[in-house]
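The residues making up each chain are set out below.
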Amino acid sequence: MIALLACLASFSAFWVAQRLAGVTLLDVMVYRAEGWTVRNGGDLYALEATVHKLPTTYPPFAALLFTPLTLLGVPEMRTFATGFNLALVLAVVHLSLRLVGVERRSQRLMVALWVSALLVWCEPVWTTLRYGQINLLLAVLVLWDLTRRPGNRWAGVGIGVAAAIKLTPALFAVLLALAGLVQAVRLARAGRSWWNPWLRGAVLATVTFLAVTAASWLVLPYDSKRFWTEMVFAASRPGQAEDTANQSLRGVLARLLHTAEPGLAYTVSAALVAVAGLAVAVVSLLRARAAWAVTSCAVTALLISPISWSHHWVWIVPVLILLAAETRRTGSARLRAGTAGMALLFFSFALWWVPHAGSSTTQRPELDQNVWQFTLSAGYTLAGLAFLAVTALRLRENRHHARVRVPRQAQALANE
């Protein structure tokens with residue numbers, strides 16, 4: 001009861017603070033405009049919504065998903081979006097605790113209330129609710145799949161749906177496929193059936209993604225053709241690479257090299273990080289370190305994406321929960337310091353301390369940063385790279401000392 005009251009008090013204070021800050025829930029207004037465009041039979045990818053003239057960037061299925069927003073008035077829609085996202089904060093924390101091995105439901109719920117009361121104030125979560133973004137929903141879909149009980153035959157559907165809404169979560173299907181292939185070879189060599197839950201999850205995620213995308217194509221053939229033949233290749237459509245809010249490798253390199261398009265430097269670095277990040281995630285999954293695998297895959301996706309706005313980094317919620325759990329388990333002073341430093345970074349809003357142009361297309365102070373400004377504006381990316389390095393280093397430790405508590409699902413998959 002105390003935890004519930006603390007969480008309600010924090011969420012209420014958060015709601016009041018957002019209203020006092022004059023948040024506009026800009027992105028949910030764009031989502032509503034997409035829903036109206038679908039209902040009216042308009043050109044989805046010619047849409048320029050709100051006074052900022054923001055374009056549609058998601059696949060057509062997302063616009064179909066947004067059509068119910070048109071049934072609400074603007075004030076009601078904003079209230080719904082904030083309340084729904086606050087509920088999703090609880091869901092993400094609850095699933096993250098399950099991912100790191102908190103098995104008892106009553107304990108998990110109590111801890112989730114306390115942790116949610118705190119983490120709702122970190123910058124990625126604050127900004128997600130400020131804009132009315134869908135990042136928390138995507139995280140819930142993915143975590144829901146990856147924390148299911150052993151043998152669940154529907155694991156993979158959530159990842160497939162998330163990837164149909166926004167392409168980035170598809171990397172989790174790649175993770176399952178790679179781990180499943182390695183496990184299949186191991187099983188075949190042992191004379192056992194090569195089919196395994198990881199492969200099944202990857203296949204189901206792929207089939208779900210294709211089925212949802214095909215259904216969307218039937219409903220919106222023109223918009224689907226435009227997206228999959230044109231818009232999917234327009235990396236700059238969501239915004240300018242050098243924007244301070246872009247916390248991907250591409251954004252950091254654009255600011256470092258003082259250019260709006262880092263080109264080959266980004267391509268090479270993204271490829272290297274993709275290979276290294278996926279390797280770390282796959283090995284972690286094969287060694288029954290599911291929490292490290294999932295968070296490493298999420299961080300890798302954020303780093304290699306052309307655009308990863310600061311609010312996309314809501315995956316810092318399971319990352320911080322994992323690091324805190326591991327610090328408590330090992331008592332490592334270094335890990336405690338690193339966890340505290342990462343928490344400070346994501347709670348400090350430091351990336352907004354540097355000059356930034358916001359929505360201006362003519363003034364770009366991000367292209368003329370000094371060393372300290374660049375360091376602050378590269379914080380999330382540097383933290384992501386550091387997390388992957390820590391994960392890799394821990395994989396090299398002796399298995400007896402490095403083993404962490406994992407959910408029953410992860411242990412069962414590893415044993416199988």
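Residue numbering note: each chain is counted from 1, following its sequence as written. In keeping with the predicted nature of the model, local features appear solely for residues at pLDDT of at least 70, side-chain atom pairs appear and are counted solely at 80 or more, and the whole-chain, interface and lining totals rest on all residues. Water and hydrogen atoms play no part in the side-chain values, which are based on all heavy atoms of the structure.

Draft legend 1. Spatial organisation of the UniProt feature "signal peptide" (unreviewed entry) in the chain. UniProt positions are given in the numbering used here, feature names are shortened, and annotations may be inferred rather than shown by experiment. Mapped onto the present numbering, the UniProt feature "signal peptide" (unreviewed entry) falls at residues 1-21. Taken end to end, residues 1-21 is 90% helix and 0% strand, and its two terminal C-alpha atoms sit 30 Å from one another. Working definition: helices are DSSP H or I runs of at least four residues, strands are E runs of at least two. Numbering for both runs from the N terminus.

Draft legend 2. Structural context of empty space enclosed by the protein. Buried and open spaces are told apart on a 1 Å grid over the protein atoms alone, a cavity being a set of points where a 1.4 Å probe fits but cannot get out and a pocket being an open set with protein on both sides within 12 Å along at least five of seven lines. Residues with an atom within 4 Å of a point are the lining residues. Grid points are joined across faces, edges and corners, and a volume is the space filled by probe spheres set on the points. Counted by the stated rule, this structure contains four cavities of 30 Å³ or more. In terms of lining residues, the second largest cavity is bounded by 17 residues, among which Lys166, Thr168, Leu302, His312 and Trp315 are the most central. Listing elements by their share of the lining of the second largest cavity, those giving two or more residues are helix H7 (135-146) and helix H14 (290-304). Considering every element that reaches the lining of the second largest cavity, the biggest residue donor is H7, with four residues. Classes in brief: Ala, Val, Leu, Ile, Met, Phe, Trp, Tyr, Cys and Pro nonpolar; Asp, Glu, Lys and Arg charged; the others, Gly included, polar. Its residues assigned to classes, the lining of the second largest cavity comprises 11 nonpolar, five polar and one charged.

Draft legend 3. Quick look at the packing of helix H10 (residues 197-219) against helix H11 (residues 221-229). At a closest axis distance of 5 Å, the pairing of H10 and H11 adopts a crossing angle of 125°. Judged by the angle between their axes, H10 and H11 are oblique. Within the contact between the two elements, H10 uses Phe209, Thr213, Ser216, Trp217, Leu218 and Val219 and H11 uses Pro221, Ser224, Lys225 and Trp228. The axes used here are C-alpha line fits, helices contributing only the stretch in contact, and every angle between their N-to-C directions lies in the interval 0 to 180 degrees. Note on terminology: angles under 35 degrees are roughly parallel, angles over 145 are roughly antiparallel, angles of 65 to 115 are roughly perpendicular, and the others are oblique. Contacts were defined at the residue level, with two residues in contact if any of their heavy atoms lie within 4.5 Å.

Draft legend 4. Region of interest: the packing of helix H4 (residues 74-99) against H7. Axis separation between H4 and H7 bottoms out at 9 Å; the angle between their running directions is 30°. Compared by their axis directions, H4 and H7 come out roughly parallel. The hand of the H4/H7 crossing is left-handed. Residues Phe84, Asn85, Leu88, Val89, Ala91, Val92, Leu95, Ser96 and Leu99 of H4 form the contact with H7, whose participating residues are Leu136, Leu137, Ala139, Val140, Leu143, Trp144 and Leu146. Left-handed is the label given to a crossing in which the near helix is rotated counterclockwise from the far helix by less than a right angle, and right-handed is the label when the rotation is clockwise.

Draft legend 5. Layout of the UniProt feature "transmembrane region" (unreviewed entry) in the chain. Mapped onto this numbering, the UniProt entry gives "transmembrane region" (unreviewed entry) at residues 79-97, 109-126, 154-178, 198-220, 264-286, 337-354 and 374-395. Between the C-alpha atoms that bound residues 79-97 there is a distance of 28 Å. The span itself is 100% helix and 0% strand. Secondary structure across residues 264-286 comprises 100% helix and 0% strand; the distance between its end C-alpha atoms is 33 Å.

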